[in-house]
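Listed here are the chains, written in short residue letters.
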Amino acid sequence: MPGQIITIVLVAIVILIGLMIVAKTIRIVPQSNCYVVERLGAYNRSCNVGIHILIPFFDRVANRVSLKEQVVDFEPQPVITKDNVTMQIDTVVYFQITDPKLFTYGVVRPINAIENLTATTLRNIIGDLELDETLTSRDLINAKMRSILDEATDPWGIKVHRVEVKNIIPPRDIQEAMEKQMRAERERREAILQAEGKKTAAILTAEGEKESTILRAEADKEAKITRATGEAEALRLVFEAQAKGIAYINEASPQPAYVQLQGYKALEKLSEGEATKIIIPSEIQGLAGLVSSVKEIATDPKKEK
C-alpha cells in the first residue's frame, strides 16, 4: 500500500513537471503583441502572433510588448517663456512601438524617458516664445515637439505619431489681466458695432429722404405737365369751337340786321364792366356810311358813390 502511494505521487510529479515543460515550451502570442525571446541570456528572436516553440530551460520570454498605439498623459510641467512668465503646461503623447527589440534593450523605463524628453523639449520650445505667442501657437508647438520626439525615440523602437498641448495654465495675475483685456476688447467691438449701426441707419435715412424728395418733385412735375397739357387742350378745343362757329356764321351769310343785333349784345356786356370810357360805333342811314360817335363817361361810377 505505501508503495502504491509513492508510485502515484511520483507519477503526479512527473506529470506536473511535464506540464510545466510543455507550458514553457509552447507559447501563444495574441494579436497586436510581440514576445522578445532570449536564449541563455542573449537576444534570440521576436515572436509575433501565433504559436511558438521554446527550448525549456534555455529560452525565456524577456518582454511582452504591445504593438497598439498608446496614449500617455503627462503631468503639467513648469516652463518659462521668453518674457519671463512661468506657466504650467501638460501634454499628451501618442506613440507606437515599432521595434520590440529596440524597445526592450534600447532604454531603461521607456515611458519615463519619453516623459523627461517631452518636458525638456517643451521648455526649449517655450523658452523661445513670448506669452502671447505661446497662447496662440499650439499647432506650432505640437509640430515641433512631435518632430523632435520622433527623431529622439527612433533608436528606442518608438514611433511618435502626435503630440498635443492639453492645457496652458498661466499665473493667476496674468489670467486676470487677460480677462480684463478680453472684456475691454469685447466692449470696444460692441462700441464699434453700435457706431457702425448708427452710421448705417443715418445713411439709409438720408438716402430715403433724398429718394422721397426726388419722387415728390417728379410727381409734382408730372402733375404740372399734365395740368398744362389739359389746359392747352381745352384752349385748343375752345378756339376750334369758336373758329367753327365763325365759319358757320360766314357760311350762313348773315343779314346786316343780325350783325347789328349781335353788336348791341356785345355793347351791353361791355357796359356792365368797370371801364371809365366806352366807344360805341353805330351805322347811320343803313349802308350809306359809317359815322363814329364817341360817348365819354367823364366820371367814374365808383367815385360818384
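Residues numbered from 1 in each chain as written. Predicted model: local features only at pLDDT ≥ 70, side-chain atom pairs only at ≥ 80, totals over all residues. Heavy atoms only, no water.

Visitor: Is there a simple way to think about the overall build of the protein in this case?
Guide: The secondary structure content of the protein amounts to eight helices and eleven strands. Here the protein, with 305 residues, has 20% of them falling under the buried criterion. Considering only residue pairs separated by 6 or more positions, the protein has 60% of its internal contacts joining residues 24 or more positions apart. (Helix = DSSP H or I, 4+ residues; strand = E, 2+ residues; numbered from the N terminus. Buried < 20%, exposed > 50% of the residue type's maximum accessible area, 1.4 Å probe, protein only. Contact = heavy atoms within 4.5 Å.)

Visitor: Would you explain the nonpolar core in this entry?
Guide: Core analysis: the biggest nonpolar cluster contains 30 residues, and Met-87, Ile-89, Val-93, Phe-95, Ile-114, Leu-122 and Ile-141 have the highest contact counts within it. Taken together, the elements giving at least two residues each to this core come down to β8 (86-97), α3 (110-126), α5 (138-153) and β9 (158-169). Ranked by residue count, the leading element in this core is α3, at six residues. Those residues within four positions of Phe-95 in sequence are excluded, and the remaining contacts are Lys-68, Glu-69, Gln-70, Val-72, Ile-111, Ile-114, Ile-158, Lys-159, Val-160 and His-161. Core analysis: the second largest hydrophobic core is formed by six residues, Val-29, Val-37, Leu-54 and Val-61 among them. (Core = buried A, V, L, I, M, F, W, Y, C linked by side-chain atoms within 4.5 Å.)

Visitor: How do you make sense of the confidence of the model for the protein when you look at a structure like this?
Guide: As a note on interpretation, predicted positions should not be read in detail where pLDDT is low. Summarising the model, the protein shows a mean pLDDT of 81, and 82% of its residues fall at 70 or more. Per-element mean pLDDT across the protein ranges from 37 in strand β11 (residues 289-296) up to 93 in strand β2 (residues 33-39). Below a pLDDT of 50 lies the segment residues 283-305, which in the model reaches 14 contacts outside its immediate sequence neighbourhood of four places, other chains included. (pLDDT = per-residue confidence, 0-100.)

Visitor: Even after reading the chapter, I still don't get the packing of α3 against α5, so can you show me in this structure?
Guide: Helix-helix packing is characterised by the crossing angle of the two axes and by the distance between the axes. Two elements in contact, α3 and α5, have axes whose closest approach is 10 Å; the angle formed by their N-to-C orientations is 135 degrees. In terms of orientation, α3 lies oblique with respect to α5. In this structure, α3 meets α5 at a crossing whose hand is right-handed. Contacts from Ile-114, Leu-117, Thr-118, Thr-121, Leu-122, Ile-125 and Ile-126 of α3 reach α5 at Ile-141, Lys-144, Met-145, Ile-148, Leu-149, Ala-152 and Thr-153. Class assignment of the residues belonging to the contact of α3 with α5 gives a composition of ten nonpolar, three polar and one charged. (Axes fitted to C-alpha atoms, helices over the stretch in contact; angles between N-to-C directions. Parallel < 35°, antiparallel > 145°, perpendicular 65-115°, else oblique. Left-handed = near helix turned anticlockwise from the far one by under 90°. Nonpolar A, V, L, I, M, F, W, Y, C, P; charged D, E, K, R; others polar.)

Visitor: Teacher, can you tell me more about the pattern of salt bridges here?
Guide: Oppositely charged side chains can form a pair if their charged atoms are brought close together. Tallied over the entire structure, the rule returns eleven salt bridges. The residue Asp-150 makes a salt bridge to Lys-159 at a minimum N-O spacing of 3.0 Å. Residue classification places Asp-150 among the buried positions, given a relative accessible area of 15%. Assessed through its relative accessible area of 33%, Lys-159 is described here as partly exposed. Notably, a salt bridge pairs Lys-224 with Asp-220, separated by 3.5 Å at the nearest N-O pair. (Salt bridge = Lys/Arg side-chain N within 4 Å of Asp/Glu carboxyl O.)

Visitor: In this structure, what is going on with a negative patch on the surface? I would like to understand it.
Guide: A contiguous patch of negative charge on the surface is contributed by Asp-83, Glu-130, Asp-132 and Glu-133. The topology assignment puts Asp-132 in helix α4 (residues 131-136). (Patch = residues over 30% accessible without salt bridge, like charges linked within 9 Å, V, L, I, M, F, W, Y side chains within 5 Å. Areas by Shrake-Rupley, 256 points an atom, 1.4 Å probe, with all protein chains shown as cover. Lys, Arg positive; Asp, Glu negative; His and termini not counted. Charge placed at Lys NZ, Arg CZ, Asp CG, Glu CD.)

Visitor: Explain the side chain of Asn-142 to me, please; I cannot follow it from the model alone.
Guide: As for its placement among the helices and strands, Asn-142 is situated in helix α5. Non-local contacts of Asn-142, meaning those with residues more than four positions away in its chain, are made with Val-163, Glu-164 and Val-165.

Visitor: Explain the sheet that holds β2 to me, please; I cannot follow it from the model alone.
Guide: The three strands are arranged β3-β2-β5 in an open sheet whose pairing can be described as antiparallel. In this open sheet, the two edge strands, each paired with only one partner strand, are β3 (42-47) and β5 (59-66). Across the sheet, the mean angle separating the axes of adjacent strands is 25 degrees when strand polarity is ignored. Summarising the sheet, β2 and β5 pair through seven bridges and their orientation is antiparallel. Residue pairing in the sheet places Arg-39 in a bridge with Asp-59 of β5. (Pairing = 2+ DSSP bridges.)

Visitor: Even after reading the chapter, I still don't get the pairing of strand β1 (residues 26-29), so can you show me in this structure?
Guide: For a regular strand, the rule is simple: side chains alternate between the two faces of the sheet. Every second residue of β1 is oriented toward a common face, the buried set being Arg-27 and Val-29 and the non-buried set Ile-26 and Ile-28. Strand direction decides the pairing type here: β1 and strand β4 (residues 50-53), joined by four bridges, are antiparallel. Residue pairing in the sheet places Ile-28 in a bridge with Ile-51 of β4.

Visitor: Can you help me understand the packing of aromatic side chains in this one?
Guide: Each aromatic ring pair is described using two quantities: the centre-to-centre distance and the angle formed by the ring planes. What the rule picks out here adds up to one aromatic pair. Ring centres 6.0 Å apart and planes at 80 degrees place the aromatic pair Tyr-43 and Tyr-105 in the edge-to-face group. Separated by 62 residues along the polypeptide, Tyr-43 in strand β3 and Tyr-105 in helix α2 (residues 100-105) bring together distant segments of the chain. Exposure remark for Tyr-43: the relative accessible area of 32% places this residue in the partly exposed category. Against the face of Tyr-35 rests Arg-64, its NZ or CZ located 5.1 Å from the ring centre. Here the basic side chain of Arg-162 rests over the ring of Tyr-94, its NZ or CZ set 4.4 Å away from the ring centre. (Phe/Tyr/Trp six-rings, centres within 6.5 Å; stacked < 30°, edge-to-face > 60°. Lys NZ or Arg CZ within 6 Å of the ring centre and 35° of its normal.)

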